[in-house]
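Structure at a glance
Given next are the chains, with one letter for each unit.
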Amino acid sequence: MTGLVLEGGAIRTIYSSGVCDGLLHAGIMADYVVGVSAGIAYGVSYVSRQEGRNLAIMERYVNDGRYMGAGNMLDRRNHHSYFGLDFVYSEIPNSLIPFDYDAYAAFPGLVEAGVTNLLTGETDYYRVDDADRRFVLLRASCAMPLLFPIYRINGKPYLDGGIGDSVPFRQALARGCDKLIVVLTRERSYYRRPEKLEGAICRHYARYPAFCQAIRTRAQRYNQDRAELLRLERQGKALIFCPKSTKGFSRTERDQEKIHALWREGRDETLARADQVRAFLAG
């Protein structure tokens, strides 16, 4: 069984959209899709087979204050989030650039999003349900500390899924996948450093000590996961896509030329490697 594993990275995830668009163009569909944060928020457009949809959203709205901007943080109805929550997760998919719920529902496999449990510091996984027309689970998976509200799912408090599990390849293995297509949003040589805002985050969420510990250990765990992924790649169990460089590209990037270039890099690389992907999946 083939698993598509999607790392987060906010706007940097437009690279992943390019990879997914390349896979769609080449007619390559995974059996199982799992992601965290923007990885899965963008990834659902792959499942609904809407090639180019995420790029269209960036083209039209990334510089729109309703999409993201400091002004949103002044709005109590927006829970003081940097991103316009209802605009991004409801108005865009349900009206402006419609999400194809029928095509998504027709996907025969399983789609899961990771969310970090504040009580345990670990990432829990839930199925992304097409009946959720407000994408509450995706909001929770993308909920960066300090910039989003805490979300409650099944009575449990959650934030950004990437904190507990930045690259959820182990979840794909646990689901029975023996072939992994893994899309990273940082270059192959990337080495994660400790969170610069660690102190502020841990003070703000002090009543959740397990979550604060996950923040403190995130860089170490991330780098260990990277090393494990490279080992799986050498063993022929994983095929990794990652950008050549993300230097100068912000996670809240607004420059259209940079956004287009990173998307195009992902798409072009995938199309160039399409035969390699097919051979990997057939092997």
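First, a word on scope: everything that follows refers to the structure included in this document. Keep in mind that this is a model prediction, so the values were computed, not measured.

1. So, the environment of Val88
Mapped onto the elements of the fold, Val88 is located in helix H4 (residues 85-96). What makes Val88 buried here is its relative accessible area of 14%. Leaving out residues up to four positions away in the same chain, Val88 has contacts with Tyr67 and Pro93.

2. Considerations on the state of the cysteines
The bond known as a disulfide is covalent and runs between the sulfur atoms of two cysteines. This model, assessed by the stated rule, comprises zero disulfides. Here Cys177 is not disulfide-linked; the sulfur of Cys20 is the nearest cysteine sulfur, at 15 Å. Looking at the unpaired Cys242, the closest cysteine sulfur is the one in Cys20, lying at 15 Å.

3. Structural notes on the side chain of Glu7
Residue placement: Glu7 occurs in the loop between strand E1 (2-6) and helix H1 (14-25). For the buried Glu7, no salt bridge is present, and the opposite-charge side chain at shortest range is Arg226, 4.4 Å distant. A distance of 2.9 Å separates a polar atom in the side chain of Glu7 from the backbone nitrogen of Thr185. Those residues in contact with Glu7 that sit more than four places away from it in its chain are Thr13, Ser16, Val36, Gly39, Ser166, Val167, Val183, Leu184, Thr185, Arg186, Tyr222 and Arg226.

4. Thoughts on unusual backbone geometry
One non-glycine residue, Leu146, lies in the positive phi region at around 75 degrees. Mapping Leu146 onto the fold places it in the loop between helix H6 (136-141) and strand E5 (151-153).

5. What to know about helix H2 (residues 38-47)
Within H2, ten of the ten residues are buried, which leaves the element mostly enclosed by the surrounding structure. Looking only at H2, the buried set comprises Ala38, Gly39, Ile40, Ala41, Tyr42, Gly43, Val44, Ser45, Tyr46 and Val47. Just downstream of H2 lies Arg49, where phi reads positive at about 60 degrees.

6. A short note on the packing of aromatic side chains
Summed over the entire model, instances satisfying the criterion amount to eleven aromatic pairs. Judged by centre distance (5.4 Å) and plane angle (85 degrees), the rings of Tyr61 and Phe87 are edge-to-face. Remark: Phe87 occurs in helix H4 and Tyr61 occurs in helix H3 (residues 53-61); sequence separation between them is 26 residues. Seen in terms of ring centroids, Tyr82 and Phe83 are 5.5 Å apart; in terms of plane orientation they differ by 80 degrees. Their pairing is edge-to-face. Like Phe83, Tyr82 is buried. Taken together, the aromatic side chains of Tyr67, Tyr82, Phe83 and Phe148 make up a single cluster linked through ring pairs. The cationic tip of Arg133 hangs over the ring face of Tyr101; the distance from NZ or CZ to the ring centre is 3.7 Å.

Definitions and cut-offs
- In this convention, every chain numbers its residues from 1, walking through the sequence in written order.
- At least 70 in pLDDT is required for a residue's local features to be given in this predicted model, at least 80 for side-chain atom pairs to be given and counted, and no such filter applies to totals for whole chains, interfaces and linings, which use all residues.
- Calculation of side-chain values draws on the structure's entire complement of heavy atoms; hydrogens and water are dropped beforehand.
- Each helix is a run of DSSP H or I of at least 4 residues and each strand a run of E of at least 2, with the numbering of both proceeding from the N terminus.
- Accessible area is worked out with a 1.4 Å probe on protein chains only. A residue is then buried under 20% of its type maximum, exposed over 50%, and partly exposed in between.
- Any two residues whose heavy atoms approach within 4.5 Å are treated as being in contact.
- The rule for a disulfide is simple: a pair of cysteine sulfur atoms within 2.5 Å.
- Charged residues are defined narrowly, with Lys and Arg counted positive, Asp and Glu counted negative, and His plus the chain ends left uncounted.
- Within this document, salt bridges are pairs made up of a side-chain nitrogen of Lys or Arg and a carboxyl oxygen of Asp or Glu, the two lying within 4 Å of each other.
- In the analysis that follows, any N or O atom pair within 3.5 Å is treated as a polar contact, provided that within protein one partner can donate a hydrogen and the other can accept it, and provided that, for residues neighboring in sequence, both atoms belong to side chains.
- Between rings of Phe, Tyr and Trp, where Trp is taken as its six-membered ring, a pair exists when centres lie within 6.5 Å; planes separated by under 30 degrees are stacked, by over 60 edge-to-face, and by other angles tilted.
- Any Lys NZ or Arg CZ that is within 6 Å of a ring centre and within 35 degrees of that ring's normal is treated as a charge sitting over the ring.

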